There are 2 protein chains.
Amino acid sequence: MTAEKLTDVRMFVAAPLSVGASVTCTPEQANYLVNVMRLAAGAEILVFNGRDGEWRARLAEVGKRRCSLECLALVRPQRAGPDVHYVFAPLKHARLDYMVQKATELGVAHLQPVLTRRTVATRVNLERMQANAIEAAEQCGVLRVPTVGEPLKLEALLANWDAGRRLIFGDEAAEVASPLAALAGMASGPLAVLIGPEGGFDPAERTLLLEKSYATAISLGPRVMRADTAAVAALALVNAALGDWR
Amino acid sequence: MTAEKLTDVRMFVAAPLSVGASVTCTPEQANYLVNVMRLAAGAEILVFNGRDGEWRARLAEVGKRRCSLECLALVRPQRAGPDVHYVFAPLKHARLDYMVQKATELGVAHLQPVLTRRTVATRVNLERMQANAIEAAEQCGVLRVPTVGEPLKLEALLANWDAGRRLIFGDEAAEVASPLAALAGMASGPLAVLIGPEGGFDPAERTLLLEKSYATAISLGPRVMRADTAAVAALALVNAALGDWR
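Named according to an unreviewed UniProt entry, chain A is Ribosomal RNA small subunit methyltransferase E originating from Hyphomicrobium album. Its UniProt record gives chain A a comment under Sequence similarities (unreviewed entry), which states: "Belongs to the RNA methyltransferase RsmE family."

Enquirer: Quick rundown of the layout of surface pockets? Include the residues and the values.
Expert: Residue and element names in this part refer to chain A. What the largest pocket holds in volume is close to 610 Å³. Along its surface, the largest pocket is lined by 24 residues, and R10, Y32, E135, E138 and Q139 are the ones closest to its centre. Counting only elements with at least two residues in the lining of the largest pocket, the list comes to β1 (6–12), β2 (22–24), α1 (27–36) and α3 (126–139). Element by element, the count of residues in the lining of the largest pocket is highest for β1, at 5 residues. For the lining of the largest pocket, a count of residues per class yields 13 nonpolar, 4 polar and 7 charged.

Enquirer: Could you give an account of the packing of aromatic side chains, naming the residues involved and the relevant values?
Expert: Per the stated rule, a full pass over the model turns up 9 aromatic pairs over all chains. Measuring from ring centre to ring centre gives 5.8 Å for B:W161 and B:Y214, while their planes differ by 20°; the resulting arrangement is stacked. Of this pair, B:W161 sits in the loop between α4 (154–159) and β10 (166–170) while B:Y214 is found in the loop between α6 (203–211) and β12 (215–218), placing the two residues 53 residues apart along the sequence. With relative accessibility at 7%, the residue B:Y214 sits in the buried group. A cation sits over an aromatic face here: A:R10 above A:F48, 4.0 Å from the ring centre. The ring of A:Y98 carries A:K102 above its face, with NZ or CZ at 4.3 Å from the centroid.

Enquirer: Talk me through the relation of the copies chain B and chain A; I want residue IDs and the actual numbers.
Expert: Superposition of the two copies of the chain requires a rotation about an axis together with a shift along that axis. Each copy of the sequence occupies a distinct position, and chain B is placed on chain A by a rotation of 180° and an axial shift of 0.0 Å, giving an RMSD of 0.0 Å. Those values place the two copies in the arrangement expected of a two-fold rotation axis. Within chain B, B:A233 has its C-alpha nearest the rotation axis, a separation of 2.8 Å. Taken as a fraction of all interface residues of chain B, those also at the interface in chain A reach 100%, which identifies the copy contact as same-surface.

Enquirer: Can you explain the domain arrangement of chain A? Please cite residues and give values.
Expert: All names here are of chain A. Domain boundaries in chain A define domain 1 (6–76) and domain 2 (84–241). Each partner contributes residues to the interface: domain 1 has 8 residues there, and domain 2 has 8 residues. Buried area between domain 1 and domain 2, both sides added, is near 670 Å², and the carbon and sulfur share of it is 63%. The largest per-residue losses of area from domain 1 upon contact with domain 2 belong to R10, F12 and F48, which jointly make up 66% of the total buried on that side. Where domain 1 meets domain 2, there are 0 salt bridges. Summed over the shared surface of domain 1 and domain 2, the number is 6 residue pairs in polar contact (both at pLDDT 80 or more). At 3 residues, the largest contribution of residues to the side of domain 1 that touches domain 2 is made by β1. Its residues assigned to classes, the side of domain 1 that touches domain 2 shows 3 nonpolar, 2 polar and 3 charged.

Enquirer: Please set out the environment of B:A43 residue by residue, giving values where relevant.
Expert: Residue and element names in this part refer to chain B. Along the chain, A43 turns up in the loop between α1 (27–36) and β3 (44–48). Under the relative-accessibility criterion, A43 is labelled buried at 0%. Put simply, A43 and A60 are 17 residues apart on the chain and 8.5 Å apart in space, counted from C-alpha to C-alpha.

Enquirer: If you had to explain the interface of chain B and chain A to someone new, which residues and values would you point to?
Expert: Counting from both sides, the interface comprises 34 residues of chain B and, opposite them, 34 residues of chain A. Where chain B abuts chain A, roughly 2,900 Å² becomes buried across the two surfaces, and 60% of that area is made up of carbon and sulfur atoms. A per-residue breakdown of the area chain B buries against chain A is headed by B:Y98, B:R223 and B:W245, which together make up 24% of the total. In this structure, the connection of chain B to chain A is made through 4 salt bridges. Salt-bridge contacts for B:D228 lead to A:K102; the nearest nitrogen and oxygen are separated by 3.2 Å. Across the contact surface, chain B and chain A share 18 residue pairs in polar contact (both at pLDDT 80 or more). Elements with a minimum of two residues in the side of chain B that touches chain A: α2 (93–105), α3 (126–140), α5 (179–183) and α7 (227–241) of chain B. At 9 residues, α7(B) tops the list of elements feeding residues into the side of chain B that touches chain A. Among the residues forming the side of chain B that touches chain A, the class breakdown is 19 nonpolar, 7 polar and 8 charged.

Enquirer: Now, about the sheet that holds β1(A): what can you tell me, with residues and values included?
Expert: Residue and element names in this part refer to chain A. What the 5 strands build is an open sheet, ordered β1-β3-β4-β5-β2; its pairing is mixed. A strand with exactly one partner marks an edge of an open sheet, and here the two such strands are β1 and β2. If you compare each strand with its neighbour and ignore which way they point, the axes differ by 40° on average. Summarising the sheet, strand β3 (residues 44–48) and strand β4 (residues 54–60) pair through 5 bridges and their orientation is antiparallel. Bridged to I45 within β4 is A57. Packing against the sheet, α1 makes contact with β1, β3, β4 and β5 (68–76), and its axis sits at approximately 165° to β1.

Cut-off values and rules
- Residues numbered from 1 in each chain as written.
- Chains lettered and ligands numbered in written order.
- Predicted model: local features only at pLDDT ≥ 70, side-chain atom pairs only at ≥ 80, totals over all residues.
- Heavy atoms only, no water.
- UniProt positions renumbered as here; feature names shortened; annotations may be inferred.
- 1 Å grid on protein atoms, 1.4 Å probe; cavity = no way out; pocket = protein on both sides within 12 Å on 5 of 7 lines; lining within 4 Å.
- Points joined across faces, edges and corners; volume = space filled by probe spheres on them.
- Helix = DSSP H or I, 4+ residues; strand = E, 2+ residues; numbered from the N terminus.
- Nonpolar A, V, L, I, M, F, W, Y, C, P; charged D, E, K, R; others polar.
- Phe/Tyr/Trp six-rings, centres within 6.5 Å; stacked < 30°, edge-to-face > 60°.
- Buried < 20%, exposed > 50% of the residue type's maximum accessible area, 1.4 Å probe, protein only.
- Lys NZ or Arg CZ within 6 Å of the ring centre and 35° of its normal.
- Least-squares fit on C-alpha atoms with pLDDT ≥ 70 in both.
- Contact = heavy atoms within 4.5 Å.
- Domains from an automatic or database assignment.
- Buried area = accessible area lost by both parts, 1.4 Å probe.
- Salt bridge = Lys/Arg side-chain N within 4 Å of Asp/Glu carboxyl O.
- Polar contact = N/O pair within 3.5 Å; in protein donor to acceptor, adjacent residues only side chain to side chain.
- Pairing = 2+ DSSP bridges.
- Axes fitted to C-alpha atoms, helices over the stretch in contact; angles between N-to-C directions.

Shown next, in the form of structure tokens:
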């Protein structure tokens, strides 16, 4: 029998990756590989850990509830990806899952929930957010899994903001109607994109944001969009105008 | 008792709208207004039909399974919105629902399913697509509900294409890396955005597209995105560069 081919399974692991490194799967990972995907010893998958690039790895020591992986060869070296944070008022359930997956596909480095006066979902399941980010990275070939921050109130977030990181926020009443005109001429460098809750920012919050020298309001057109739509739209514009879609 | 205030219900209706016009609700609409939203005679809602603008209307003749509306006053006149068609390989279930909702929020005029060699979902429920478009328009204050076309094979679609409508398609191997550079200098006018299936276009399909004088390939960055993410990203870029986000 010939050696089994590389499967299309791609899995995030926590362990360091290098030639010959052994990776012990978690029980969930072992269950997925062995029972769901029905892989046997010798099958090969892709693994990544967000730091050491993407590797070909072979299943070894396969049991019903455990398995380990042997790291074979580097397939893609680690790349940094754009230095873009995504800051957002959490949404409920499925829409939050979706938004986190989309932001990961769009390559953000960090996911930062922010609580505003009109935020509806104030309890945020950070583990679920991280799991959604990992799943999106696995499915979309993303090498870097975004980190997830503890929720912060908007005032606290801004009080500790690094002024070297430009904050681009969606604002229905932005003075410049064209988002590309507002982004044009902005210097490259650390960025953040902020999308408020479905009800928008409170007037006092908006005033607070507009006072900051590091903040830029962008309009997202004449129609109302749901927050998860605005997320993808704003991140796409920022990637295209300032990020790695150039 | 004072007159009841305007509720935040916004509903699409098929009937013509004008001052004093009476609109008979469908049984589903009557059930929603009377039993779900628990509105009584005299309550006011917003209605639109995609042609005559948005109107204030008052519930009249309310029964358990029927109700009619009396059209009171124009709130927003009809606006045409951008002449952008969204052409897409259908996805399965929830992701298709989502994509249709998002395209509606982004203001497209027409939804056109296209069958490509790698399209997975070949059976398309057009009624469900139209219902999703209506729901998104209702929720997001959109005045124009996109029309929905019968699915067409890519070759048939292109064979009957109006060459006056520029076709912008997502292409991982686009020659120009920057989508904004590819869109810059393009004349305004009728547009279409085409996003292929999750597996991308077949090489022969890609060659066919690139041969067309009316087609422009745009890259959507160095990461793989799911088709529903690419939809929002591409439509946002087109709205911002060529459409009504200026």
